[in-house]
Amino acid sequence: MPGAHLTGANLTGANLTGANLTGANLTGANLKSADLFGADLREANLTGANLTGANLKSADLFGADLREANLSRAYLGRANLRDADLRDANLESAGLAGANLTDANLTGANLTDANLTRFDLTGANLTRADRSGP
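Position numbers for residues count from 1 along each chain, tracking the sequence in the order it is written. Only residues with pLDDT of at least 70 get local features here, since the model is predicted, and only at 80 or more are side-chain atom pairs given and counted; chain-wide, interface and lining totals rely on the full set of residues. Excluded from the side-chain calculations are hydrogens and water; all other atoms, namely the structure's heavy atoms, are used.

A. Representation of the overall build of the protein chain. Only DSSP runs of H or I covering at least 4 residues are called helices, and only runs of E covering at least 2 are called strands; the numbering of each starts at the N terminus. The secondary structure content of the protein chain amounts to zero helices and zero strands. Here the protein chain has a C-alpha radius of gyration of 13 Å; the compact-globule value for 134 residues is 14 Å, and the two agree. Each principal axis of the C-alpha atoms in the protein chain carries an extent, and together these give about 35 × 25 × 20 Å. Burial status follows relative accessibility: with a 1.4 Å probe on protein chains alone, a residue under 20% of its type maximum counts as buried, one over 50% as exposed, and anything between as partly exposed. Classification of the 134 residues of the protein chain by burial places 43% in the buried group. Contacts were defined at the residue level, with two residues in contact if any of their heavy atoms lie within 4.5 Å. Put simply, 0% of the contacts in the protein chain that link residues at least 6 apart link residues at least 24 apart. Method for areas: the Shrake-Rupley scheme with a 1.4 Å probe, in which residue coverage is limited to the protein chains shown. If you sum the accessible surface of the protein chain, you get close to 5,900 Å²; carbon and sulfur atoms cover 46% of it. Within the protein chain, one finds 11 positive and 14 negative side-chain charges whose respective centroids are separated by 4 Å. The globule rule used for comparison is 2.2 Å times the number of residues to the exponent 0.38, while the radius of gyration itself is calculated over C-alpha atoms. Positive charges come from Lys and Arg, negative ones from Asp and Glu, while His and the chain ends are left out of the count. The atom standing in for a charge is NZ when the residue is Lys, CZ when it is Arg, CG when it is Asp and CD when it is Glu.

What follows is the structure in structure tokens.
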């Protein structure tokens with residue numbers, strides 16, 4: 001569904017494994033607990049989307065707009081977040097092991113208790129990001 005318009009859609013718990021959502025408009029969509037393993041979300045607009053507990057393992061989020069998105073407890077292991085806009089996103093307790101955050105904008109993002117092991121932050125903007133936790 002490249003370029004799909006799913007603004008405000010309720011996709012709670014949906015199985016979107018490997019889905020092609022390149023350039024999709026998912027502004028304010030509810031993707032709580034959705035399975036997006038390996039999904040292609042390049043350049044997708046996920047502004048204000050609820051991705052709480054979603055599985056985004058190995059998803060391609062290159063250049064995605066995730067401003068103010070709720071990614072708390074989401075699993076983003078090995079996800080490609082290169083050039084993603086994560087300004088003011090909630091990544092509390094998110095699993096980011098092995099994620100590529102090269103040149104991502106994390107200004108004001110909440111990274112409290114996020115798993116930040118084995119990931120690439122080259123060029124990432126962490127201005128005002130909350131990195132507190134153990």
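B. Representation of the side chain of Thr107. Taking the relative accessible area as the measure of exposure, Thr107 reaches 11% and is therefore buried. Polar contact is the term for a pair of N or O atoms within 3.5 Å; when the atoms are in protein, one must be able to donate a hydrogen and the other to accept it, and sequence-neighboring residues count only if both atoms are side-chain atoms. A polar contact of 2.6 Å, which involves the side chain of Thr107, links it to the side chain of Asn105. Other than its neighbours up to four places away in sequence, Thr107 contacts Leu86, Arg87, Asp88, Asn125, Thr127 and Arg128.

C. Layout of the pattern of salt bridges. Each reported salt bridge corresponds to a side-chain nitrogen of Lys or Arg within 4 Å of a carboxyl oxygen of Asp or Glu. One pass over the structure, following the stated rule, counts six salt bridges. For Asp85, the salt bridge goes to Arg67, with nearest N and O atoms at 3.8 Å. Looking at Asp85, the relative accessible area reads 15%, which means it is buried. Between Asp85 and Arg87 there is a salt bridge, with the nearest N and O atoms lying 2.5 Å from each other.

D. Fine view of the nonpolar core. We define the nonpolar core as a collection of buried residues of types Ala, Val, Leu, Ile, Met, Phe, Trp, Tyr and Cys that are connected through side-chain atoms lying within 4.5 Å of one another. Counting 43 residues, the largest nonpolar core has Leu51, Leu56, Leu66, Leu71, Leu76, Leu81 and Leu86 as the members making the most contacts within it. With residues up to four places along the chain from it excluded, the contact list for Leu56 reads Leu36, Leu41, Leu51, Leu71, Tyr75, Leu76, Gly77 and Ala79.

E. Fine view of the side chain of Asp65. Asp65 sits in the buried class, given a relative accessible area of 16%. At 2.6 Å, the side chain of Asp65 and the side chain of Arg67 are in polar contact. Apart from residues lying up to four places away in sequence, Asp65 is in contact with Ala44, Asn45, Leu46, Thr47 and Asp85.

F. Quick look at unusual backbone geometry. The backbone of Asp103 sits at a positive phi, close to 60 degrees, despite the residue not being glycine. Taking the relative accessible area as the measure of exposure, Asp103 reaches 37% and is therefore partly exposed. In the Ramachandran plot, Asp113 falls in the positive-phi region, its phi being about 60 degrees despite a non-glycine side chain. In this structure Asp113 comes out as partly exposed when scored by relative accessible area, which is 39%.

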